[in-house]
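This is what each chain is made of:
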Number of protein chains: 2
Amino acid sequence: MKHTISVLVDNKPGVLARISGLFSARGFNITSLAVGETNDPTVSRMTIIVSAEDRILEQVQKQLHKLIDVISVSDLTKRDYFERELVLIKVNMARTTKQKLTKLLDKFSATILSSSKQGAVVEVVGDNKEISKVVKLLEAVGIKELVRTGRIAITS
Amino acid sequence: MKHTISVLVDNKPGVLARISGLFSARGFNITSLAVGETNDPTVSRMTIIVSAEDRILEQVQKQLHKLIDVISVSDLTKRDYFERELVLIKVNMARTTKQKLTKLLDKFSATILSSSKQGAVVEVVGDNKEISKVVKLLEAVGIKELVRTGRIAITS
């Protein structure tokens, strides 16, 4: 089962390495990871999406709690929360126009940041399903490059 | 100097731990890190913002290149690129209204995802300066929780 884990940590060198090491030692592949400072610059929040059985993940959460510099760990999976991701996509413009691209992205929270014959750069925000739909639509046009932030989540 | 490093890696367990370990072994604190799959699910892209002298960072780049599972490393700092970040902010609504909040966020790429007496959840996308401005404005209202994705970048 996929879990969305939110970890509050001290913003210090080595914390990320210890936490990602803990997951990889268990052979977990992290589907998505995002780390950023909170409004307190001495504290960062990591949002980790990982697939694991509930029982095994509980053990990992306990081990996370024991790590120095870990302030709190919460599994948002069973709570109400918003999950969002930002993606930047460079689109091949050889077979399309800016106008067509605008129309294609009409229903999504997407912005064309730049557009030239060399390619257009599109910014998209959404939940996992919306992002997947946009990527599928743009794959048909031609994707030259794609960068995702990884998902972040906040309780509603 | 702040560097924006974009690293293409095989999407396998342990890669993140090895890369973040390499940075922390040098005592570098990563300001921001984002990892997400590319349009090829076997390949992920990490965007790392790190402060370091040019000379030292070149050595780290060389060591990154040597790591198994690292496909390519590029320092975007000296190129033209878009840098963006997504932030979710839970705002205290005790001293404001949804209408006032909408007006306050008018000039930014911000969306109010939910709003009640308990608090409003706001989604903001922008470059580092824009995000800083929004955070400052909302701090005056009252921030209950803040989650950042970390910055991603794409060449323009």
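Fair warning: this is a prediction, and the values are worked out from it, not measured in the lab. (Residues numbered from 1 in each chain as written. Chains lettered and ligands numbered in written order. Predicted model: local features only at pLDDT ≥ 70, side-chain atom pairs only at ≥ 80, totals over all residues. Heavy atoms only, no water.)

Trainee: Even after reading the chapter, I still don't get the packing of aromatic side chains, so can you show me in this structure?
Mentor: Aromatic ring pairs: the centre-centre distance and the angle between the two ring planes describe each pair. All names here are of chain A. Overall, the coordinates contain two aromatic pairs over all chains when judged by the stated rule. For the ring pair Phe 23 and Phe 28, a centre distance of 6.3 Å and an interplane angle of 55° mean the geometry is tilted. Side by side, Phe 23 and Phe 28 carry an identical accessibility label, which is buried. (Phe/Tyr/Trp six-rings, centres within 6.5 Å; stacked < 30°, edge-to-face > 60°. Buried < 20%, exposed > 50% of the residue type's maximum accessible area, 1.4 Å probe, protein only.)

Trainee: Explain the domain arrangement of chain A here, please?
Mentor: Accessible area lost upon the coming together of the parts serves often as the stated size of an interface. Residues and elements named next belong to chain A. Taken domain by domain, chain A consists of domain 1 (2-79) and domain 2 (82-155). When each unit is reduced to the centre of its C-alpha atoms, the spacing between domain 1 and domain 2 is 28 Å. Listed by partner, the interface residues are 10 residues for domain 1 and eight residues for domain 2. Counting each side, the surface lost to burial between domain 1 and domain 2 is near 640 Å², with a carbon and sulfur contribution of 54%. Linking domain 1 with domain 2 are zero salt bridges, by the criterion used here. Linking domain 1 with domain 2 are two residue pairs in polar contact (both at pLDDT 80 or more), by the criterion used here. Sorting the residues of the side of domain 1 that touches domain 2 by element identifies strand 1 (2-10), strand 2 (30-37) and strand 3 (43-51) as the ones contributing at least two each. Ranked by residue count, the leading element in the side of domain 1 that touches domain 2 is strand 2, at four residues. Its residues placed into classes, the side of domain 1 that touches domain 2 shows four nonpolar, four polar and two charged. (Domains from an automatic or database assignment. Contact = heavy atoms within 4.5 Å. Buried area = accessible area lost by both parts, 1.4 Å probe. Salt bridge = Lys/Arg side-chain N within 4 Å of Asp/Glu carboxyl O. Polar contact = N/O pair within 3.5 Å; in protein donor to acceptor, adjacent residues only side chain to side chain. Helix = DSSP H or I, 4+ residues; strand = E, 2+ residues; numbered from the N terminus. Nonpolar A, V, L, I, M, F, W, Y, C, P; charged D, E, K, R; others polar.)

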